[in-house]
Amino acid sequence: GLISQRVGSGTYVNASDHLVQTAQALRTEALSTSPAELMAARLVLEPTIAALVVQYATPADFALLEEACDRAEAAESFEAFEVWDARLHERMATATHNLFIEKVFALMTAARSQATWGALKRKSLTPERRAAYQAEHREIVEALHDRDADRAMAAVRRHLVHVRENLLG
């Protein structure tokens, strides 16, 4: 009952309660992910995402990454900075042009939106750390733009280790 075929038209996936329930369960589980679990997942996934960005990103993708850096740097509040910080990472996932990676990253974004994450980030984000994150973001975007996968992966890893240390000790 998961697929149906229509003669002369094709094969289609049927909307099913099972698929809807599975998607809802994944989102619920993502929202209950601890900050430590989330950081572990980010450290595994995001450096590899950077390598795919190097391979598949377009000039328009690089412009969007630059815009996210610019807007984060210009942000006048914690909340505005957080929006553009998250958007930079989301735009990296989008720049892979891989729908599966975008969906997995959407789950990570959902986990980042939980109250525990926000409280930790607010508590840990000093003006000095924000400046360091902004410099790290610029380093990442420059490496991506230069299409230097090794440098981009290393920069993402350093950035995430720095964030993890600041959030979790």
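Residues numbered from 1 in each chain as written. Predicted model: local features only at pLDDT ≥ 70, side-chain atom pairs only at ≥ 80, totals over all residues. Heavy atoms only, no water.

1. Some words on the nonpolar core
Now for step 1: Of all hydrophobic cores here, the largest spans 38 residues; its most connected members are Val-53, Leu-65, Met-92 and Leu-144.
Now for step 2: Where this core is concerned, the elements lending two or more residues are helix 2 (35–56), helix 3 (59–74), helix 4 (78–94), helix 5 (99–112), helix 7 (127–145) and helix 8 (149–168).
Now for step 3: Residue contributions to this core peak at seven residues, all from helix 2.
Now for step 4: In contact with Val-53, other than residues within four places in its own chain, are Phe-62, Met-92, Ala-95, Thr-96, Leu-144 and Arg-147. (Core = buried A, V, L, I, M, F, W, Y, C linked by side-chain atoms within 4.5 Å. Buried < 20%, exposed > 50% of the residue type's maximum accessible area, 1.4 Å probe, protein only. Helix = DSSP H or I, 4+ residues; strand = E, 2+ residues; numbered from the N terminus. Contact = heavy atoms within 4.5 Å.)

2. A word on the packing of aromatic side chains
Now for step 1: Tallying each qualifying case throughout the model produces zero aromatic pairs.
Now for step 2: The ring of Trp-84 is capped by Arg-87, whose NZ or CZ atom sits 4.5 Å from the centre of that ring. (Phe/Tyr/Trp six-rings, centres within 6.5 Å; stacked < 30°, edge-to-face > 60°. Lys NZ or Arg CZ within 6 Å of the ring centre and 35° of its normal.)

3. Details of helix 8
Now for step 1: Look at helix 8: 28 Å from first C-alpha to last across 20 residues, which is about the 28 Å you get at 1.5 Å a residue.
Now for step 2: Turning to helix 8, its buried residues number three or more, namely Ala-152, Ala-155, Val-156, His-159, Leu-160, Val-163, Asn-166 and Leu-167. Buried residues in helix 8, looked at end-on, bunch into an arc of 125°, giving them a common side.
Now for step 3: The positive-phi residue at the C-terminal boundary of helix 8 is Gly-169, with phi of around 85°. (Expected span 1.5 Å × (residues − 1). Arc of directions from axis to C-beta.)

4. Observations concerning the pairing of strand 1 (residues 3–6)
Now for step 1: Pairing between strand 1 and strand 2 (residues 10–13): four bridges, direction antiparallel. Of the residues in strand 2, the one forming a bridge with Ile-3 is Val-13.
Now for step 2: In sequence, strand 1 turns back onto strand 2 through a hairpin of three residues, with Gly-8 there showing a positive phi of about 80°. (Pairing = 2+ DSSP bridges.)

5. Description of the packing of helix 3 against helix 4
Now for step 1: For the pair helix 3 and helix 4, the least separation of the axes is 8 Å and the interaxial angle reads 165°. Put simply, helix 3 runs roughly antiparallel to helix 4. Note that helix 3 runs across helix 4; the crossing there is left-handed. In this structure, helix 3 contributes Leu-64, Leu-65, Glu-67, Ala-68, Cys-69, Arg-71 and Ala-72 to the contact, and helix 4 contributes Phe-81, Trp-84, Asp-85, Leu-88, Arg-91 and Met-92. (Axes fitted to C-alpha atoms, helices over the stretch in contact; angles between N-to-C directions. Parallel < 35°, antiparallel > 145°, perpendicular 65-115°, else oblique. Left-handed = near helix turned anticlockwise from the far one by under 90°.)

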